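Each chain, written out:
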Amino acid sequence: MTQPTLSFADTVRARRSFRAFHSTPVADDLIAEALQDAQYAPSNCNTQPWQVHVVSGATRDALSLALHAANREGRPSPDFSWDEGAFTGRYLERHREHGKLYYENLGVAREDRQRRNEAAAVNFSFFHAPHVALLFMPVFGDSVRVAGDLGMYGQTFLLALAARGLGGVPQTVLGLYADTVREVLIVPQEFKLLFGISFGYPDEGAPGNLQRVGRDPVSANVILHR
Ligand SMILES: Cc1cc2nc3c(=O)[nH]c(=O)nc-3n(C[C@H](O)[C@H](O)[C@H](O)COP(=O)(O)O)c2cc1C
């Protein structure tokens, strides 16, 4: 390890979803270190099913253009279904609270459909991050266990970034355009796209980064049996 990193407690608290970045690219060796850390993620039977494409420079720009076009032209191609309307109860409340906070910080009114769509489309500019990792996976069974493994990998990578003063944001939205991503990166059809992680140096003062969403107390999610 060549770079100093934060303590574990500081790292988990420093990680949050950043949605505005400086254009300065991250040095290759720093990205390599974070990727090395992420390799320690656990997986079912140690299958390590993640296939990660890290995209920077001209390929990143080409991918962004292709994704904007696919979004504009209404050509989604998700490998896995995604239904935001399915959330109910407390889950729906949390979803709404997070969306309200984000658009309020951006100064976008709830009823302003056009500006909300424009703000959402920044996902396809990777929130101006210089790098994006696309997390692909092979298909085994109903894919649920494999997707769990990719979640383990994604969080380990995000923490590895946070420990080094970097930041990222996981993006299911990128996974909704799987064919577009496969085409630009020349990825075989057998690999399915779950989500992406845009990353770089966060622009801490930007409106898109003012958001600090809360968490319920442990007792809301954890039942202790003795
Ligand atoms: C698998 C996954 C997919 C996500 N997809 C998106 C996305 O497409 N766009 C986005 O802006 N945020 C996305 N997020 C970020 C969540 O909104 C964020 O994690 C949540 O609001 C909690 O905030 P925090 O990460 O700042 O703690 C995603 C998070 C996860 C874990």
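So, how was this worked out
Residues numbered from 1 in each chain as written. Predicted model: local features only at pLDDT ≥ 70, side-chain atom pairs only at ≥ 80, totals over all residues. Heavy atoms only, no water. Helix = DSSP H or I, 4+ residues; strand = E, 2+ residues; numbered from the N terminus. Rg over C-alpha atoms; globule rule 2.2 N^0.38 Å. Buried < 20%, exposed > 50% of the residue type's maximum accessible area, 1.4 Å probe, protein only. Contact = heavy atoms within 4.5 Å. Areas by Shrake-Rupley, 256 points an atom, 1.4 Å probe, with all protein chains shown as cover. Lys, Arg positive; Asp, Glu negative; His and termini not counted. Charge placed at Lys NZ, Arg CZ, Asp CG, Glu CD. Salt bridge = Lys/Arg side-chain N within 4 Å of Asp/Glu carboxyl O. Near = heavy atom within 4 Å. Polar contact = N/O pair within 3.5 Å; in protein donor to acceptor, adjacent residues only side chain to side chain. Pairing = 2+ DSSP bridges. Axes fitted to C-alpha atoms, helices over the stretch in contact; angles between N-to-C directions. 1 Å grid on protein atoms, 1.4 Å probe; cavity = no way out; pocket = protein on both sides within 12 Å on 5 of 7 lines; lining within 4 Å. Points joined across faces, edges and corners; volume = space filled by probe spheres on them. Parallel < 35°, antiparallel > 145°, perpendicular 65-115°, else oblique. Left-handed = near helix turned anticlockwise from the far one by under 90°. Nonpolar A, V, L, I, M, F, W, Y, C, P; charged D, E, K, R; others polar.

Any details on the overall build of the protein chain? Residues and values, ideally.
Within the protein chain one finds eight helices and four strands. The N-to-C order of helical and strand elements in the protein chain reads α-α-β-α-α-α-β-α-β-α-α-β. Relative to a compact globule of 226 residues, whose C-alpha radius of gyration would be 17 Å, the protein chain shows 18 Å and is just as compact. Considered along the principal axes of its C-alpha atoms, the protein chain spans approximately 50 × 45 × 40 Å. Counting the 226 residues in the protein chain, one finds 40% classified as buried. Long-range pairs, those at least 24 residues apart, make up 84% of the contacts in the protein chain between residues at least 6 apart in sequence. Only carbon and sulfur atoms are counted for the fraction: they give 55% of the accessible area of the protein chain, which is about 12,900 Å². Charge-centre separation for the protein chain: the mean point of 22 positive side chains lies 6 Å from the mean point of 24 negative side chains.

Can you break down the pattern of salt bridges residue by residue, with the values?
Scanning all chains against the criterion turns up twelve salt bridges. One salt bridge connects Asp37 with Arg164, and the closest N-O pair in it is separated by 2.9 Å. Taken together, the residues Asp37 in helix H2 (residues 28-38) and Arg164 in the loop between helix H6 (144-162) and strand E3 (167-171) connect sequence positions 127 residues apart. Here Asp37 falls in the partly exposed class, since its relative accessible area comes to 22%. The exposure class assigned to Arg164 is buried, which follows from its relative accessible area of 10%.

I'd like a rundown of the site of the ligand, residues and numbers included.
Taken together, 14 residues are adjacent to the ligand, and Arg15, Ser17, Arg19, Thr172 and Arg215 come closest. In the model, an oxygen atom of the ligand is placed 2.7 Å from a nitrogen or oxygen of the Arg19 side chain. Contacts to the ligand include Asn123, whose side-chain N or O atom sits 3.1 Å from a nitrogen atom. Coverage of the ligand by the protein amounts to 70% of the 620 Å² it exposes when considered alone. Elements supplying a minimum of two residues to the shell around the ligand: E3 and helix H7 (172-175). If you tally residues by element for the shell around the ligand, the top one is E3, at three residues.

So, the pairing of strand E4 (residues 192-200): which residues are in play, and what are the values?
Within E4, eight of the nine residues are buried, which leaves it mostly tucked inside the rest of the structure. Bridge count between strand E2 (residues 131-137) and E4: seven bridges; the pairing is antiparallel. Its bridge partner being in E4, Leu135 is matched across the sheet by Phe195. Examined bridge by bridge, E3 and E4 share five bridges and lie antiparallel to one another.

Go over the sheet that holds E4, please, and point to the residues and values.
On the basis of which strands lie adjacent, the open sheet formed by four strands has the order E1-E2-E4-E3 and antiparallel pairing. In the strand order of this sheet, the two ends are held by strand E1 (51-56) and E3, each with one partner. Each strand axis lies, on average, 20° off the axis of its neighbour in the sheet, ignoring direction. The pairing of E1 with E2 spans six bridges and is classified as antiparallel. Looking at the pairing, Val55 lines up with Val132 of E2.

Help me get a handle on the layout of surface pockets, residues and values and all.
Here the second largest pocket is characterised by a volume of approximately 170 Å³. Thr5, Leu6, Phe8, Thr11, Asp37, Thr156, Leu159, Ala160, Ala163 and Arg164 together form the lining of the second largest pocket. When residues of the lining of the second largest pocket are traced back to their parent elements, those giving at least two are helix H1 (8-14) and H6. It is H6 that contributes the most residues to the lining of the second largest pocket, three residues altogether.

Lay out the packing of H2 against H6 in plain terms, naming residues and giving numbers.
Following both chains from N to C, one finds H2 and H6 inclined at 140°, their axes separated by 8 Å at the closest point. Looking at the two axes, H2 sits oblique to H6. Helix-helix and strand crossings are classified by hand; for H2 and H6 the assignment is right-handed. Judged by residue contacts, Ala34, Leu35, Asp37 and Ala38 of H2 engage Tyr153, Thr156, Phe157, Ala160 and Leu161 from H6. Of the residues contributing to the contact of H2 with H6, the split by class is seven nonpolar, one polar and one charged.

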